Amino acid sequence: MGFSGRLDGSGRDNGDIRLSVRVFGVVQGVGFRFWTMGKADELALKGVVRNLDDGSVSIVAEGPEQQVQKLLDWLRSENVPGRVERVEESISAADGSFRDFRAR
């Protein structure tokens, strides 16, 4: 599965996309943000991961489509810490507002 055709063509010249994700399940207090930062760094993505008050985790990641897809595949795999029950994602054109990948 890829993201091709899911943008309206308004993406940035470098072809980067933005993945916005909410991850639900047992994903706080288990090192989820730490491991997500490591995976994003490994994939050379930029963005942010943060815990939300409802117990879910929010991730915004920007980079090349192939690398962003790898992050999403990882989030849906059995290799993530905790217990992921649901992943909700949306794709848009990257806006280049991140300089690195951080936890907040």
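Bear in mind the structure is a predicted one, so any value in this text is a computation, not a measurement.

### Examining the sheet that holds strand β4 (residues 83-93)
In step 1: Read across the sheet, five strands follow the order β4-β1-β3-β2-β5 without closing on themselves; strand pairing throughout is mixed. In this open sheet, the two edge strands, each paired with only one partner strand, are β4 and β5 (101-103). Each strand axis lies, on average, 15° off the axis of its neighbour in the sheet, ignoring direction.
In step 2: Two strands pair when backbone bridges link them, and strand β2 (residues 46-51) and β5 are joined in this way by three bridges, in the parallel orientation. Bridge assignment links Gly47 to a residue of β5, and that residue is Phe101.

### Some details on the pairing of strand β1 (residues 17-26)
In step 1: By the bridge criterion, seven bridges tie β1 to strand β3 (residues 57-63) in an arrangement that is antiparallel. Residue pairing for β3: Leu19 is matched across the bridge by Ala61.
In step 2: Bridging between β1 and β4 involves ten bridges; their strand directions are antiparallel. Paired with Arg22 across the two strands is Glu88, which belongs to β4.

### Section: the nonpolar core
In step 1: In this structure, Val23, Phe32, Ile59, Leu71 and Leu75 are the most contacted members of the largest nonpolar core, which totals 22 residues.
In step 2: Mapped onto this core, the elements with two or more residues apiece are β1, α1 (32-42), β3, α2 (65-75) and β4.
In step 3: The contacts of Leu75, once residues within four sequence positions are left out, are Val21, Val23, Phe32, Thr36, Ile59, Val80, Val84 and Val87.

### Some thoughts on the packing of aromatic side chains
In step 1: Evaluated as defined, the whole model comprises one aromatic pair.
In step 2: Measuring from ring centre to ring centre gives 5.5 Å for Phe34 and Trp35, while their planes differ by 85°; the resulting arrangement is edge-to-face.

So, how was this worked out
- Residues numbered from 1 in each chain as written.
- Predicted model: local features only at pLDDT ≥ 70, side-chain atom pairs only at ≥ 80, totals over all residues.
- Heavy atoms only, no water.
- Pairing = 2+ DSSP bridges.
- Helix = DSSP H or I, 4+ residues; strand = E, 2+ residues; numbered from the N terminus.
- Axes fitted to C-alpha atoms, helices over the stretch in contact; angles between N-to-C directions.
- Core = buried A, V, L, I, M, F, W, Y, C linked by side-chain atoms within 4.5 Å.
- Buried < 20%, exposed > 50% of the residue type's maximum accessible area, 1.4 Å probe, protein only.
- Contact = heavy atoms within 4.5 Å.
- Phe/Tyr/Trp six-rings, centres within 6.5 Å; stacked < 30°, edge-to-face > 60°.

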